[in-house]
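# A look at the structure
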Amino acid sequence: MEQPFDFAHLDPSCDPPAAYLAAFEMLGDIWDQLRTFRSACPQDPFLMGLTAHLEIQFVASGLVLTIHVELLSRA
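### Digging into the overall build of the protein chain
Summing up its helical and strand segments, the protein chain has two helices and zero strands in all. On the protein chain, roughly 5,400 Å² of surface is accessible, and the fraction owed to carbon and sulfur atoms is 64%.

Now the structure itself:
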């Protein structure tokens, strides 16, 4: 599965601050680790539910971060 946290590099003059790019990379790394963990324990319903909940939280966090970066680049 492809990471949902991908920063599209369109215009270098509109790049977000380095800390925001680092946050995207961190979300991507955590996403990979979470997906790996989830595939390692498919028989445990509690862990499957927990990882599914965490995935939703990470996607929401990525969306908020993306919106904030978009607002910063327009300012």
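The rest of the description comes next.
### What to know about helix α1 (residues 18-40)
For α1, with 23 residues, the first-to-last C-alpha span of 33 Å sits near the 33 Å given by 1.5 Å per residue. Burial in α1 covers these residues: Ala23, Phe24, Leu27, Gly28, Trp31 and Leu34. Where α1 is buried, its residues touch α2 (45-74).

### So, the packing of α1 against α2
Contact geometry for α1 and α2: axes closest at 10 Å, N-to-C directions at 165 degrees. Looking at the two axes, α1 sits roughly antiparallel to α2. Both α1 and α2 take part in a crossing whose hand is left-handed. Looking at the contact of α1 with α2 residue by residue, the class counts come to 17 nonpolar, five polar and three charged.

### Topic: the pattern of salt bridges
When the charged atoms of two side chains with opposite charge come close together, those side chains can pair. Summed over the entire model, instances satisfying the criterion amount to two salt bridges. The closest approach of N and O atoms between Arg35 and Glu55, which form a salt bridge, is 2.8 Å. Of this pair, Arg35 sits in helix α1 while Glu55 sits in helix α2, placing them 20 residues apart in sequence. Of the residues examined, Arg35 reaches a relative accessible area of 28% and is grouped as partly exposed. Judged by its relative accessible area of 9%, Glu55 is buried. The partner of Arg38 in a salt bridge is Glu55, and the shortest N-O contact between them spans 2.9 Å. Taken together, the residues span a long stretch of sequence, with Arg38 in helix α1 and Glu55 in helix α2 at a distance of 17 residues.

### Focus: a nonpolar patch on the surface
Taken together, the side chains of Phe46, Leu50 and Leu54 present a nonpolar region at the surface, about 280 Å² in accessible area. Assignment of secondary structure puts Phe46 in helix α2.

Reading the values: rules and limits
- Each residue is numbered by its place in its chain's sequence as written, counting from 1.
- With the structure being a predicted model, the display of local features is reserved for residues of pLDDT at least 70 and the display and counting of side-chain atom pairs for 80 or more, all residues being used for whole-chain, interface and lining totals.
- Neither water nor hydrogens contribute to the side-chain values; these are computed over all heavy atoms in the structure.
- Each helix is a run of DSSP H or I of at least 4 residues and each strand a run of E of at least 2, with the numbering of both proceeding from the N terminus.
- To be clear on the numbers: accessible area is Shrake-Rupley with a 1.4 Å probe, and residue cover counts the displayed protein chains and nothing else.
- In this scheme, a helix's expected span is set at 1.5 Å multiplied by one less than its residue total.
- Under the scheme applied here, a residue whose accessible area is under 20% of the maximum for its type counts as buried, over 50% as exposed, and between as partly exposed, the area being computed with a 1.4 Å probe on protein chains only.
- Any two residues whose heavy atoms approach within 4.5 Å at even a single point are treated as in contact.
- Note on method: axes are straight lines fitted to C-alpha atoms, helices fitted across the in-contact stretch only, with angles between N-to-C directions ranging 0 to 180 degrees.
- What sets the label is the angle itself: under 35 degrees gives roughly parallel, over 145 gives roughly antiparallel, 65 to 115 gives roughly perpendicular, and the rest give oblique.
- Note on convention: near helix rotated counterclockwise from far helix by under a right angle means a left-handed crossing. Clockwise means right-handed.
- Nonpolar residues are Ala, Val, Leu, Ile, Met, Phe, Trp, Tyr, Cys and Pro. Charged residues are Asp, Glu, Lys and Arg, and all others, Gly as well, are polar.
- Here a salt bridge means any side-chain nitrogen of Lys or Arg lying within 4 Å of a carboxyl oxygen belonging to Asp or Glu.
- Exposure above 30% relative accessible area and no salt bridge define the residues that can form patches, which grow by joining like charges within 9 Å and nonpolar side chains of Val, Leu, Ile, Met, Phe, Trp and Tyr within 5 Å.

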